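Read off the chains here:
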Amino acid sequence: MITIGKLTFLRIDKNKFDPVRDGKGSIDYQKWVEYINDNKEIFVWYEDTENGKRILNKIDTFSEEDKEIILASLNRVRCEAKFNPKKNYYDISVGCSEGSGRVTITFERRPKIEEIRMFLDMAKYLDAMLLYRGKTIIDEKVIEELENNSKMRKKGPLKK
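Being a predicted model, the structure only gives us computed values, none of them experimental. In every chain, residue numbers begin from 1 and rise along the written sequence. Per-residue local features of the predicted model are confined to residues with pLDDT of at least 70, and side-chain atom pairs are confined, for both listing and counting, to 80 or more; whole-chain, interface and lining totals are unaffected and use all residues. Computation of side-chain values: all heavy atoms of the structure, hydrogens and water removed.

**Student:** How would you explain the side chain of Thr-49 if you had to name every residue and give the values?
**Tutor:** What counts as a helix is a DSSP run of H or I of at least four residues, what counts as a strand is a run of E of at least two, and both are numbered from the N terminus. By the secondary structure assignment, Thr-49 is in the loop between β2 (43–45) and α2 (50–57). Relative accessibility thresholds used throughout: buried, under 20% of the residue-type maximum; exposed, over 50%; partly exposed, between the two (1.4 Å probe, protein chains only). Taking relative accessible area as the criterion, Thr-49 reaches 4% and is therefore assigned buried. When residues no more than four places from it in sequence are discounted, the contact partners of Thr-49 are Val-44, Glu-80 and Tyr-90. Here, two residues are considered to be in contact whenever any of their heavy atoms come within 4.5 Å of each other.

Encoded structure:
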């Protein structure tokens, strides 16, 4: 059984895969960019965050090799969501590139059910699946189970 606490690293792809052995995924990168642009109330491109802007302002202080890597990360391959003002960072990071062909989702904390649903919606938009460890599909049924388990834990043990 999957618990919501384990779902801090998810992926979206059209096929199940082995994260160690399998290479490029099958996500349409342009369609992913379109999704992020259509959901600006939720997502912010990394290059538009304070960190992204600060790095871009200091780009000339890096070596040519580092510049290339940094600029690649500032070109609509990563976005953030759910800014945490107490910790001064985003709780969710999402990435995809034409080279990877897979959406990678990283939570800095335990995800909420509505956030898992949001990424299932993203997967559906991309005609793909939301995956845990590349092989376990997270669908409505799994989300429902997670939600029910979460409610049961909040209620605590049954009293006699």
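**Student:** Could you give an account of the sheet that holds strand β1 (residues 9–13), naming the residues involved and the relevant values?
**Tutor:** The pairing of strands in a sheet comes from backbone hydrogen bonds and takes either a parallel or an antiparallel form. Two strands are counted as paired when DSSP detects at least two bridges linking them. Taken in spatial order, the 7 strands of this open sheet run β2-β3-β4-β5-β1-β6-β7, and their pairing is antiparallel. The sheet terminates laterally at β2 and β7 (136–138), the two strands that pair on one side only. In this sheet, neighbouring strand axes are inclined to one another by 35° on average, regardless of whether the strands run parallel or antiparallel. With 4 bridges connecting them, β1 and strand β6 (residues 129–132) associate as antiparallel partners. Bridged to Arg-11 within β6 is Leu-131. Axes, fitted as lines to C-alpha atoms, cover a helix only where it is in contact. Angles between the N-to-C directions of the axes lie from 0 to 180 degrees.

**Student:** Could you give an account of the pattern of salt bridges, with specific residues and numbers?
**Tutor:** Counted as salt bridges are all cases of a side-chain nitrogen of Lys or Arg within 4 Å of a carboxyl oxygen of Asp or Glu. In total, this model carries 10 salt bridges according to the counting rule given. Salt-bridge contacts for Asp-60 lead to Lys-67; the nearest nitrogen and oxygen are separated by 3.6 Å. Among the residues examined, Asp-60 registers a relative accessible area of 66% and is labelled exposed. For the salt bridge of Lys-67 with Glu-64, the shortest nitrogen-to-oxygen distance reads 3.2 Å. With Lys-67 and Glu-64 both in helix α3 (residues 64–73) and 3 residues apart, the pair spans about one turn of that helix. What emerges from the salt-bridge pattern is a single network uniting Arg-117, Lys-124, Glu-140 and Glu-147.

**Student:** Please give an account of the pairing of β6 that cites residues and values.
**Tutor:** One ladder, built from 3 bridges, connects β6 with β7; its direction is antiparallel. Note that in β7 the partner of Leu-130 across the bridge is Ile-138.

**Student:** Any chance you could break down the state of the cysteines for me, citing the residues and the numbers?
**Tutor:** Cysteine sulfur atoms are paired as a disulfide whenever they fall within 2.5 Å. In this structure the tally under the stated criterion is 0 disulfides. Free of any disulfide, Cys-96 has its nearest cysteine sulfur in Cys-79, 9.6 Å distant. Residue classification places Cys-96 among the buried residues on the basis of a relative accessible area of 2%.

**Student:** For helix α1 (residues 29–38), give the residues involved together with the corresponding values.
**Tutor:** Two residues of an α-helix separated by three or four positions point the same way, owing to the 3.6 residues in each turn. Those residues of α1 that fall on the buried side of the exposure criterion are Tyr-29, Trp-32, Val-33, Tyr-35 and Ile-36. For α1, the angular spread of the buried residues around the axis is 160°, confining them to a single face. Here the buried face of α1 lies against β2, β3 (78–84), β4 (89–95), β5 (103–107) and α4 (113–125). Nitrogen and oxygen atoms within 3.5 Å of one another constitute a polar contact, given that in protein one can donate a hydrogen and the other can accept it, and given that sequence-neighbouring residues count only through two side-chain atoms. You can read the cap of α1 off the contacts: a side-chain oxygen lies 3.0 Å from the backbone nitrogen of Gln-30, and it is on Asp-28. Working note: the arc is built from the helix axis to C-beta atom directions.

None of this, on its own, says anything about what the molecule does.
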